[in-house]
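In case you want the letters, here they are:
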Amino acid sequence: MRHQPIYAPVPMLAADVNCFWALEQDQESYNREVYLPDAYIEVIINVGAPLVLESEHGMLELPRAFVNPLQNKPLRIRAAGFCQMISMQLYPWAVKPILNIDADPSTVHVIGLDADWQRFADDLTQIVAHRGYGEAIDSYQEYVCKTAYRHKHDLMLIRTAGLLLHRSHGQIRIADLAAQSYLSSSQFERQFKHYTAISPKAYARIVRFGSLQAALLVNPSIRLVDLADVYGYSDQAHLIREFKSFADCTPRDFAASAPAYFELRQNEDWCDFMKQYFNLSYAG
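All values reported here derive from a predicted model rather than from experimental measurement. (Residues numbered from 1 in each chain as written. Predicted model: local features only at pLDDT ≥ 70, side-chain atom pairs only at ≥ 80, totals over all residues. Heavy atoms only, no water.)

A. Structural view of the confidence of the model for the chain. With 87% of its residues at a pLDDT of at least 70, the chain reaches an overall mean of 87. Taking the mean pLDDT of every element in the chain, the minimum, 46, falls on helix H12 (residues 262-266) and the maximum, 97, on helix H3 (residues 115-131). (pLDDT = per-residue confidence, 0-100. Helix = DSSP H or I, 4+ residues; strand = E, 2+ residues; numbered from the N terminus.)

See the structure below:
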């Protein structure tokens, strides 16, 4: 998705929230896109036209406030008009402590939030309309700070392990993560799945795929053999198989869509953010 402004979380949320973002996009271009799997959980507030999820059961109208949990296949959401939304991008271990819900990626495509969140979404829609996205993001962060961390959670070990997975692009050995957490491999996996609803090995694959996406967006012409070397795939064919398993297309097919991001690539702040966050210095 083509995010516009990116906002840093306030200090209270900084350990578990990657960022907040806002998006405005016309219906035609938005409806051509898909949400590809990535390593974050999005808490989306729709402040524009109604949104509809395409699923195997048909078309499902989405509530104003919903969660896009971890996915292993592309997700198709369509707008019934001009698209406007605001999202909080969470690390997956933060769903329980911040939202007080479970998010199982194996059984749920999206999760509608409760009535309090829906009322808040209505308020946020008015704030965007009359005072803009900056104030809306401030209100969003304030609302989350009031409702987050209601219950005690011992996140330190899983949070540290998750961030190491991100910094290594999913290439650190799970046994090494368990050892750094002072847990056996089975204990570590149980703890990780308790908070994220996914195994650390499966999450590492999603993290690595997210880094591949970012590299291809920043430099669509980068050689796949170089990416395979950077991300620890056995060869280019292995990289292509992994990419197709998540994206339903090849890396080159995905890169062919990158011209739609031309304006973003001309934005130095966006490129600097992508290169720094995903450690893409090799991407050119």
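After that view, the rundown keeps rolling.
B. The sheet that holds strand S5 (residues 58-61), seen in detail. The sheet built from 3 strands is open, its strands ordered S5-S4-S7 with antiparallel pairing. Each of the sheet's edge strands pairs with one partner strand only, and the pair in question is S5 and strand S7 (76-79). Shown here is a sheet whose adjacent strand axes are inclined to one another by a mean of 30°, direction ignored. Across 4 bridges, the pairing between strand S4 (residues 51-55) and S5 is antiparallel. (Pairing = 2+ DSSP bridges. Axes fitted to C-alpha atoms, helices over the stretch in contact; angles between N-to-C directions.)

C. Representation of the packing of helix H5 (residues 156-167) against helix H7 (residues 185-196). In contact at an axis separation of 10 Å, H5 and H7 are set at 90° when each is read in the N-to-C sense. Relative to H7, the element H5 lies roughly perpendicular. Where H5 abuts H7, its residues Ile158, Ala161 and Leu165 lie against Phe188, Gln191, Phe192 and Tyr195. Of the residues in the contact of H5 with H7, the class split is 6 nonpolar, 1 polar and no charged. (Parallel < 35°, antiparallel > 145°, perpendicular 65-115°, else oblique. Contact = heavy atoms within 4.5 Å. Nonpolar A, V, L, I, M, F, W, Y, C, P; charged D, E, K, R; others polar.)

D. The arrangement of the sheet that holds strand S8 (residues 83-90) in detail. Strand order across the open sheet formed by 6 strands is S1-S2-S8-S3-S6-S9, with antiparallel pairing between neighbours. Both outer strands of the open sheet, strand S1 (6-7) and strand S9 (111-112), are each paired with one neighbouring strand and no more. Bridge count between strand S3 (residues 41-46) and strand S6 (residues 65-68): 4 bridges; the pairing is antiparallel. Along S6, the bridge assignment pairs Val43 with Val67. Each of S3, S6 and S8 touches H3; the most contacted strand, S3, lies at about 65° to it. On the sheet, helix H4 (residues 133-147) packs against S1, strand S2 (17-25), S3 and S8 and is oriented at approximately 40° with respect to S8.

E. Main features of the packing of aromatic side chains. Summed over the entire model, instances satisfying the criterion amount to 13 aromatic pairs. Both rings, one in Phe120 and one in Tyr140, keep their centres 6.0 Å apart while their planes meet at 50°; by these two values the pair is tilted. Separated by 20 residues along the polypeptide, Phe120 in helix H3 and Tyr140 in helix H4 bring together distant segments of the chain. Considering the side-chain rings of Phe243 and Phe254, the 5.6 Å spacing of their centres and the 55° angle between planes classify their relative orientation as tilted. (Phe/Tyr/Trp six-rings, centres within 6.5 Å; stacked < 30°, edge-to-face > 60°.)

F. Examining helix H8 (residues 200-218) more closely. The terminal C-alpha atoms of H8, which comprises 19 residues, lie 27 Å apart, in line with the 27 Å expected from a rise of 1.5 Å per residue. When you tally the buried positions in H8, you get 16 out of 19 residues, the bulk of the element. (Expected span 1.5 Å × (residues − 1). Buried < 20%, exposed > 50% of the residue type's maximum accessible area, 1.4 Å probe, protein only.)

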